[in-house]
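# Chain and residue survey
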Amino acid sequence: MDQIQAIVFDAYGTLFDVHSVVEACDRLFPDKGTQISEVWRAKQLEYSWLRSLMGRYQDFRQVTEDALRYACHSLGLPITDAQEKELMEDYLHLNCYKEVHEVLKQIQNHQMAIFSNGTLDMLNSLVQNTGLDPYISDVLSVDEAKVYKPAPRAYTLVLDKLKLEREQILFVSANAWDVVGAKSFGFHVAWVNRGNQTFAELGKNPDLILSDLGGLIASYWALRQKSE
Ligand code: LAC
């Protein structure tokens, strides 16, 4: 682990809480916010995987909008174009998790980047709207590769942009499928198990398991000492 040169964070679910849109959904569709948000996120990911497999890439803004429309229609909620636009705007104002600022501040002597399915516009908005810009040196989107994580071709972008080797990257994600994809690709990987989930049965396991980013500092240094 002592060869790590950069810590690269997944965005949605890892730094930013996708379910912070529940309030906005409730505002438009009272008492339906949680259901909308859960179906919205599940379909957003499903559509990203299906579009990659079909070779029919559309960017994450489009995929997110399509998933929102599905979520509302599946719940019998007639969402208007204006309401769709409003919720997509709210998606640029997600909250970051409570410990994120403090942790990134503590490790700001490290090179830190974001690598996400989100488009650069979506990600740059989130980074600025949450005030994380002082800590993030690079915001990277799969959009340039026109394929979504966990495709290896997506993770290759990180090496190209940061000019580093796989083993020099510590990738941090709360999404088990993304952890497996990054580990399969050759990164060191930390899984932020925010919801005390069961890990995926996909033949690869993370190097670190944390309940939130707060554990990153202690466990990362402990692992470095072990590997020296
Ligand atoms: C991301 C989500 C999909 O790539 O985890 O940020």
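Residues numbered from 1 in each chain as written. Predicted model: local features only at pLDDT ≥ 70, side-chain atom pairs only at ≥ 80, totals over all residues. Heavy atoms only, no water.

## Observations regarding the site of the ligand
- The immediate surroundings of the ligand are formed by Asp10, Ala11, Tyr12, Arg41, Leu45, Ser116, Asn117, Lys149, Asn175 and Trp177.
- A distance of 2.8 Å separates an oxygen atom of the ligand from a polar side-chain atom of aspartate 10.
- For the ligand, an oxygen atom lies 3.3 Å from a polar atom in the backbone of alanine 11.
- Calculation on the ligand without its partners gives an accessible area of 220 Å², and the protein chains cover 100% of this total.
- Here the shell around the ligand is built from residues that sort into four nonpolar, three polar and three charged. (Near = heavy atom within 4 Å. Polar contact = N/O pair within 3.5 Å; in protein donor to acceptor, adjacent residues only side chain to side chain. Areas by Shrake-Rupley, 256 points an atom, 1.4 Å probe, with all protein chains shown as cover. Nonpolar A, V, L, I, M, F, W, Y, C, P; charged D, E, K, R; others polar.)

## Brief notes about the side chain of serine 173
- Here serine 173 is to be found in strand 6 (residues 169-173).
- In this structure serine 173 comes out as buried when scored by relative accessible area, which is 0%.
- Of note is the side chain of serine 173, whose polar atom sits 3.5 Å from the side chain of aspartate 10.
- Look past the residues within four positions of serine 173 in its chain and what remains in contact with it is Asp10, Thr14, Asp178, Val179, Ala190, Trp191 and Val192. (Helix = DSSP H or I, 4+ residues; strand = E, 2+ residues; numbered from the N terminus. Buried < 20%, exposed > 50% of the residue type's maximum accessible area, 1.4 Å probe, protein only. Contact = heavy atoms within 4.5 Å.)

## Observations regarding the packing of aromatic side chains
- Applying the stated criterion across every chain yields a total of 13 aromatic pairs.
- Between phenylalanine 60 and tyrosine 148 the ring centres are 5.8 Å apart and the planes differ by 55°, which places this aromatic pair in the tilted class. With phenylalanine 60 in helix 3 (residues 60-74) and tyrosine 148 in the loop between strand 5 (138-141) and helix 7 (152-162), this residue pair connects regions lying 88 residues apart in the sequence. Exposure class is identical for phenylalanine 60 and tyrosine 148. Each is buried. (Phe/Tyr/Trp six-rings, centres within 6.5 Å; stacked < 30°, edge-to-face > 60°.)

## Some remarks on the pattern of salt bridges
- One pass over the full model with this rule turns up 11 salt bridges.
- For aspartate 66, the salt bridge identified is with arginine 69, shortest N-O distance 3.4 Å. Residue aspartate 66 and its partner arginine 69 are both found in helix 3; the two are separated by three residues, about one turn of the helix.
- Taking the relative accessible area as the measure of exposure, aspartate 66 reaches 18% and is therefore buried.
- Residue classification places arginine 69 among the partly exposed residues on the basis of a relative accessible area of 28%.
- Between glutamate 84 and arginine 69 there is a salt bridge, with its nearest N and O atoms 3.1 Å apart. Placement of the pair is glutamate 84 in helix 4 (residues 81-90) and arginine 69 in helix 3, with a sequence separation of 15 residues. (Salt bridge = Lys/Arg side-chain N within 4 Å of Asp/Glu carboxyl O.)

Don't take any of this as a statement about function, it's just geometry.
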